[in-house]
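So the chains spell out like this:
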2 protein chains.
Amino acid sequence: MLQTRIIPPAANAHPYPLLIKSLLLSGSRYEKNREIVYRDTLRYNYATFNERVARLANVLTEAGVKAGDTVAVMDWDSHRYLECMFAVPMLGAVLHTINIRLSPEQILYTMNHAEDRFVLVNSDFAALYQGIVGQLTTVIGTMLLTDNAAAVELPGSVGEYESLLAAAEPSYAFADFDENSVATTFYTTGTTGNPKGVYFTHRQLVLHTLSMATTLGSLDSIRLMGSDDVYMPITPMFHVHAWGAPYVATMLGVKQVYPGRYEPEMLCKLIKQEQVTFSHCVPTILQMVLAAPGAQGHDFKGMKVIIGGSALNRALYEAAKACGIQLTAAYGMSETCPLISCGYLNEELLAVGEEQSTTYRIKAGVPVPLVEAAIMDSEGNRLPADGETQGELVLRAPWLTQGYFREPEKGQELWTHGWLHTGDVATLDEMGVIDIRDRLKDVIKTGGEWISSLELEDLISRQPAVKEVAVVGVVDSQWGERPFALIVAKEGQSLNAGLLKEHLKPFVERGVINKWAIPSQIALVTEIPKTSVGKLDKKRIRVDLAQWQEAGSEFLSSL
Amino acid sequence: MLQTRIIPPAANAHPYPLLIKSLLLSGSRYEKNREIVYRDTLRYNYATFNERVARLANVLTEAGVKAGDTVAVMDWDSHRYLECMFAVPMLGAVLHTINIRLSPEQILYTMNHAEDRFVLVNSDFAALYQGIVGQLTTVIGTMLLTDNAAAVELPGSVGEYESLLAAAEPSYAFADFDENSVATTFYTTGTTGNPKGVYFTHRQLVLHTLSMATTLGSLDSIRLMGSDDVYMPITPMFHVHAWGAPYVATMLGVKQVYPGRYEPEMLCKLIKQEQVTFSHCVPTILQMVLAAPGAQGHDFKGMKVIIGGSALNRALYEAAKACGIQLTAAYGMSETCPLISCGYLNEELLAVGEEQSTTYRIKAGVPVPLVEAAIMDSEGNRLPADGETQGELVLRAPWLTQGYFREPEKGQELWTHGWLHTGDVATLDEMGVIDIRDRLKDVIKTGGEWISSLELEDLISRQPAVKEVAVVGVVDSQWGERPFALIVAKEGQSLNAGLLKEHLKPFVERGVINKWAIPSQIALVTEIPKTSVGKLDKKRIRVDLAQWQEAGSEFLSSL
C-alpha cells in the first residue's frame, strides 16, 4: 500500500458518514409542495412525507424495533414502501423487501434466513402470512398495511399502518452511525438451490443514488429525470429498491406516483392523470401497458422509460417510439444495486442516422460514473474491448453486494479475482459500450461456435407475426447443442416453421448469424413462462421442452 | 452509537475506495473525441488526455515524486493544470495549487508550510521563483511550464513539461489506496495572520464531484451543465480547484476550454470560437468580460454562468440577461471545496412572475444534495429558519476541510459544536434558501441594529450612475458604527452624495432599510481594491479610509 498523507480531523469536526437520511436534505426541503401519489387512494406532499417518515420511525421504535434488527415488508408498490425505504434504515435497522411473487415456501425460507424481527404485511397477503407464521423463527411483531376499511386479522399485529402513523409524533431525532451498516437486503432466485440474500449498506445506497442522479440528469442529450419530471416505477419495489430510482426521485424532490399492483388500466390511468414522464420496467410490462385499452390512441409524448432486466429489442423500441415514448436500455442485476450501465449516444453517434444510433440505445449502454467493467475468460484473464471478443462481464463499483448474507462460500464465488462476476456473456467496445450476448448458462454451444440466445431472440422478434420469443439450447448428439425457439404469435397472424426459416435466411446470407443458429425446432405457444420479476424463465422452458420432446408433443415443429 | 448490522465483505471482494482516478472511468471513455482546448496554443481529445495524465505520472515518478509528497503548481489556467489535478493525486501525492496573486513572501510562506517537494513553474513566474528559491526548505526539484520556445532558466529543473511528456510512456498502473488520503491543498488568506492551508481528500473530492454533477444536471428547470455543454472556467484553478467544475466536466466528458491568464479579449474570443455554454466566475470578472470590446454586440444566447465569491446583484443579473447570459448564484468558500448552495427555483417560484423569481436566482440558493445548513448564535444555539432571523451560517457536508494544515487550534475554531463555522451572517427560509447578509466581521452595528454591508451595496448598485460599490463600517462615537460607501461612477455619468441620498430615501420609506443605514460618508474613486481572488478587499478599504479621514481627504463627501 502506498504511504499517502492522512491527517486526523479537527477535534470537533463532523465526519459526515454517508447515510440514507442525508438524501432527505435536498429535494424534500426545496419542493415541500410536490406530491407523492398512491393510486386513487392518497396524495400528500413532501413536507408531509418527511413527517410520515418520522412518524413511522416512532411507531417502529414503539413496537420494539431496534438498530440492527431486520424489518420486512410484504406490500405492493406504495407510498408505504417508500416510507419504509427511509424510516427503517434511518433507524439503523435493515429493510428486507420480500419478493411477494415467490412461493410461500420460498418466502418462509427468506424470512427465516434474513432473521426478520418485524413484518409489515399488506392485507392481500394476510392469508399467505397466516399460513407460514407458525414456522417463522425470529419474528416478534407485525403491522397491517391495507387500503380497505374492512378489518383483517394479522397474527401479532401492533395495529394498522395509517392509524398508527396518525397517532405518532411527527418528528424523530435520527442518529448518525457507521456508513457501512447494512441498510437493505432481499433475495434473488438463482438457477439452483435456495434464494440468496444480497445486501447493501448506507454508503452504497447513497453513492448509487448520486451516480444514478448524474446518469439520469447530466449524461446524454436526453435528461431522463430532472426535478421537474414526474416519476412512477413499474418495477416492483421489492426488487432492488425499484432499481434505486425512488431514492433519486426523493433526493431531487420529484413528484412520485405509486401504482400498487400492476393493473394495466390503472397504470395507464395514472400515467395520463398524473402526467408521468419517467419510468422504468422490464420489456414484458411495457408491452402489457402499450396493449392496454387505455393506451390506445393516447399520445405518450415526452415520456422516457428505462428498460432493464431483459434485452430491449428493436421492435419494442420502435413500437414505444410510435406512441411517443423514448426508451433507453440499462443494465444491472440484484447483486449490483442495480445500476451498472445506461444507453448513451456520444457526439459521433448523435451525428449518424437514427437507424444506426438506435442500435446503441438498445444495447446495455456505457458504465455509469464510478463503474468499472471488463470481460474475462474463465481463468480470470482480461479480454480485449474490441466489440467482438466475448467473455464474462465482471464489475467493480462502490455499490456491489459484498457477498451473500450468511453464505460466505457463495460470496467468494461471486467475487473471484477481485471482480464481481455477473454470469453474463458480453462484448465491450472502445467506447465502453456493454453488449450483453447472453447469460453464461444460456449461451448455446453448437459445432464449436457460441450462439447467443439473446441475439437469436432479437432476430426472431423482427418477424412481423412474432409477439414474443424465448430461445434455449437443446442437446444434440451431432452438434453438441442446437437452438430451440418458443414463440407466441400475434393474435390473428399466421406463423410456422417455414415462415420463420424464410425470415432468418437473409441474416445467414448477410453473415449476421451462421447457419447453425437457425433453430432446429420451434414451438408455437400462447404464453411464455416468466420468473417472479418478469424475465423469461429459461429454467422452466427447458423443463417443459424436455417433457414435450419425451412425449412427442404436437407443439413442436422442425425447421 | 447504535448497534447496527455490519457484515465483513467476501474474501475477494473489491472494497472500492473513492479515488480521483475513478472520475476518469466514464466521460473520457464515452467521449474519446471531445476536445480539451488551451487558448490558441493547443487542442487534443480525451483519449490523448488520458494518455497525458499517465505520461505526467511517469515523468513525476521519474523525477522522484512519491506517494505522500506534495507537488506544487504555479501556472495560469491551463490543460497542464487539469492534468496535474488528476496525475498528482492519482499517484497518492498531494497537489498544492499556489495562489500566484499572493506576494512573493506569502508564496514562500505557503510553499514551506505545505512542505512542497516538487514544483511545476510557468516561465512567467520563473523570476519570482528565482527570487525565493534560496529560502525554500523542502523542494527537491522543479519542472518548467511554458508556451514559448524561448529557453528560461529554472533552478533544479528536470526539463520542460511538453518535452518530458512527449518522451514518457502513455500508460501507468495507478494503485488503489485509502480514500481518506489528502489529494489537494491550498492556502486561504484571512483578515489577520498568515495564510491557512485547507486540504481535501480523495473521498471528499469524489463526493463533491457527484453532488455538483447532480446539482448542475438534475436540479432546477435549467440544466446548467450536461455532457453536451462546453465548459470554460473563469475562476482561477489555484482557487478551490476552479470550484471543482473541471472534475465534473471530466467525469461527464464535456468539452473543456482553458483560457490561460484572464485577458478579456481572449476570454471573449474563446467563448465565441469554441462556443462555450457554461462558466463560473466572480461578479467583477463577468463585468470585465461584458465590457470588453469583443463582447459588444455579441449574442451570448444559451450561455449559463454561475456567480460566486461575492453577492450577485440584480443590476449585473439584468445586464447579463440582456446579453443572453443566464446567471445563477452559488455559494461556497475555500474551506468548503467549495460548493454549498446554488440558485434554484421551485415549482411555486417558477409559477410567479420573473421579477419575483429573480430575487431567488441571485440569493445564495439552496444547499445542494448532502449539504446541511443551519444558522447559529454565538453560543451555538440553532436559530429559526424563518427567512428573517440572522445568525452565523454553519455547515455539515461530506467535503468540508477537516481542519487547517499543521494548525490544529485554528481547525478547532473552524469546527465548533460539530459544525463548520463560515463566518458569514445569513438567514435561512423554510425552503432552505440561504441568504447571505454579510461577513460576520463586515456587519455594521449601528444604534443597536445590524446593517448588512452586502444589502447596502446591492441597493446602492441600483443607482444608474453607480458602476461598483463597497460598504464598510466606520467607528462613530454616537452610533457605535455608521456605514461608509466607496463608489466608482460609470464613465461620463455624474454622481454625488446628494444623488445617492435621493436614491436611498425610498428604500427607507418602504421599510427596506432603516434610516441609520444611509451612509454618513461616501468616497468617489476610480477603482476599488480587490483581493487576490477578485473580492472586495474590505481590510484594505478600511485602512485607506482611516488614512483619508486622518488627512481630511477631498475624496470624502458627507450625506
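Computed from a predicted structure; not experimentally measured. Numbering of residues starts from 1 in every chain and runs along the sequence as written. Labels follow written order: the first chain is A, the first ligand is 1, and so on. Given that the model is predicted, a residue must reach a pLDDT of at least 70 before its local features are reported, and side-chain atom pairs must reach 80 or more before they are shown or counted; all residues, however, enter totals for whole chains, interfaces and linings. Side-chain numbers come from the whole structure's heavy atoms, not from hydrogens or water.

This paragraph deals with the domain arrangement of chain A. One frequent convention defines the size of an interface as the accessible area lost when the parts assemble. Where each domain begins and ends is defined by an automated method or by a domain database. Assigned domains of chain A: these are domain 1 (20-199), domain 2 (202-437) and domain 3 (444-558). Here domain 1 of chain A and domain 3 of chain A have C-alpha centroids that lie 42 Å from each other.

Moving on, we get to the packing of helix α7 (residues 202-217) of chain A against helix α9 (residues 245-252) of chain A. Residues and elements named next belong to chain A. Look at α7 against α9: their axes get within 9 Å of each other, and the N-to-C directions meet at 75°. When the axis of α7 is compared with that of α9, the two are roughly perpendicular. Across from Leu 205, Thr 209, Leu 210, Met 212, Ala 213 and Leu 216 in α7, the residues of α9 making contact are Ala 245, Tyr 247, Val 248 and Met 251. Tallied by class, residues from the contact of α7 with α9 come to nine nonpolar, one polar and no charged. Convention adopted: a line fitted to C-alpha atoms gives each axis, helices being fitted over their contacting stretch, and angles between N-to-C directions are expressed from 0 to 180 degrees. Numbering of helices and strands runs from the N terminus; a helix is a DSSP stretch of H or I covering at least four residues, while a strand is a stretch of E covering at least two. Convention used here: angles under 35 degrees read as roughly parallel, angles over 145 as roughly antiparallel, angles from 65 to 115 as roughly perpendicular, and any remaining angle as oblique. Contact between two residues is taken to exist if any of their heavy atoms lie within 4.5 Å; hydrogens are not considered. Ten residue types, Ala, Val, Leu, Ile, Met, Phe, Trp, Tyr, Cys and Pro, are classed as nonpolar, four, Asp, Glu, Lys and Arg, as charged, and the remainder, Gly among them, as polar.

With that out of the way, let us pick up the pairing of strand β2 (residues 42-45) of chain A. Residues and elements named next belong to chain A. With four bridges joining them, strand β1 (residues 35-38) and β2 adopt antiparallel strand pairing. Along β2, the bridge assignment pairs Ile 36 with Tyr 44. Linkage of β1 to β2, two consecutive antiparallel strands, is achieved through a turn of three residues, within which Arg 39 is found at a positive phi near 45°. Any two strands are treated as partners once DSSP identifies two or more bridges connecting them.

Next up on the list: the packing of aromatic side chains. Within 6.5 Å between ring centres, the rings of Phe, Tyr and Trp (the latter by its six-membered ring) count as paired, and their orientation is classed by plane angle as stacked under 30 degrees, edge-to-face over 60, tilted in between. Counted by the stated rule, this structure contains 16 aromatic pairs over all chains. Summarising the aromatic geometry, the rings of Phe 49 of chain B and Phe 86 of chain B are spaced 5.7 Å apart at their centres and angled 85° between planes, so their arrangement reads as edge-to-face. Of this pair, Phe 49 of chain B sits in helix α2 (residues 46-62) while Phe 86 of chain B sits in helix α3 (residues 79-90), placing them 37 residues apart in sequence. Only protein chains enter the area calculation, which uses a 1.4 Å probe; residues under 20% of their type maximum are buried, those over 50% are exposed, and those in between are partly exposed. Phe 49 of chain B gets classed as buried once you look at its relative accessible area, which sits at 0%. Between Phe 86 of chain B and Tyr 247 of chain B, the ring centres sit 5.2 Å apart and the planes meet at 75°, which makes this aromatic pair edge-to-face. Of this pair, Phe 86 of chain B sits in helix α3 while Tyr 247 of chain B sits in helix α9 (residues 245-252), and the two are 161 residues apart along the sequence. Joined through ring pairs, the aromatic side chains of Tyr 46, Phe 49, Phe 86 and Tyr 247 of chain A make up one cluster. When the ring centre of Tyr 360 of chain A is taken as reference, the NZ or CZ atom of Lys 363 of chain A above it lies at 4.5 Å. A ring is scored as having a charge over it whenever the NZ atom of a lysine or the CZ atom of an arginine sits within 6 Å of its centre and within 35 degrees of its normal.

Residue and element names in this part refer to chain B. Those residues of helix α12 (residues 314-322) that sit buried are Arg 314, Leu 316, Tyr 317 and Ala 320. Axial view of α12: buried residues confined to an arc of 165°, hence all on one face. Taking the backbone nitrogen of Ala 315 as reference, a side-chain oxygen 3.2 Å away marks Asn 313 as the first, capping residue of α12. Just downstream of α12, Gly 324 is the residue with a positive phi angle, here 95°. Starting at the helix axis, one direction is taken to each C-beta atom, and the arc is that of these directions. Pairs of N or O atoms within 3.5 Å make up the polar contacts considered here, provided that, within protein, one atom can donate a hydrogen while the other can accept it, and that residues adjacent in sequence are counted only when both atoms are side-chain atoms.

Residues and elements named next belong to chain B. The interhelical angle for the contact between α2 and α3, taken along N-to-C directions, is 60°, at an axis separation of 9 Å. On the basis of their axis angle, the class for α2 and α3 is oblique. Our pair here, α2 against α3, has a crossing hand that is right-handed. On the side of α2, the interface is formed by Phe 49, Arg 52, Val 53, Leu 56, Ala 57 and Leu 60, while α3 contributes His 79, Leu 82, Glu 83, Cys 84, Phe 86, Ala 87, Val 88 and Met 90. Among the residues making up the contact of α2 with α3, the classes are represented as 11 nonpolar, one polar and two charged. In a left-handed crossing the near helix is turned counterclockwise from the far helix by less than a right angle, and in a right-handed crossing that turn is clockwise.

All right, on to the environment of Gly 309 of chain A then. All names here are of chain A. One can find Gly 309 in the loop between β13 (303-307) and α12 (314-322). The exposure class assigned to Gly 309 is partly exposed, which follows from its relative accessible area of 32%. As for Gly 309 and Met 333, which are separated by 24 residues in sequence, their C-alpha atoms are 7.3 Å apart. Setting aside residues up to four positions removed in sequence, Gly 309 forms contacts with Trp 243, Val 282 and Lys 535.

Right, let's talk about the pairing of strand β14 (residues 325-332) of chain B for a bit. All names here are of chain B. Counting buried positions along β14 yields six of eight residues, so the element is predominantly enclosed. The pairing of strand β13 (residues 303-307) with β14 spans five bridges and is classified as parallel. Within β14, the position partnered with Val 305 by the bridge is Leu 327. Viewed along the sheet, the connection from β13 through α12 into β14 turns out right-handed. Bridge count for β14 against strand β15 (residues 339-342) is three bridges, and the pairing is antiparallel. Pairing of Gly 332 across the sheet is with Leu 339, part of β15. A loop of six residues connects β14 with β15, the two strands running antiparallel in sequence, and Cys 337 in this loop sits at a positive phi of about 85°. Looking down the strands as they point away from the viewer, one classifies a crossover as right-handed if the path from the first strand across the helix to the second runs clockwise.

Quick look at the sheet that holds strand β6 (residues 141-145) of chain B now. Residue and element names in this part refer to chain B. Taken in spatial order, the seven strands make up an open sheet running β7-β6-β5-β3-β4-β8-β9, and their pairing is mixed. If you trace the sheet from one side to the other, it starts and ends with β7 (157-160) and β9 (196-201), each paired once. The average undirected angle you get between the axes of adjacent strands in this sheet is 20°. Examined bridge by bridge, strand β3 (residues 70-74) and strand β4 (residues 94-97) share four bridges and lie parallel to one another. Pairing of Val 71 across the sheet is with Leu 95, part of β4. Against the sheet, α3 contacts β3, β4, β5 (116-122), β6 and β8 (182-188), and its axis sits at roughly 150° relative to β4.

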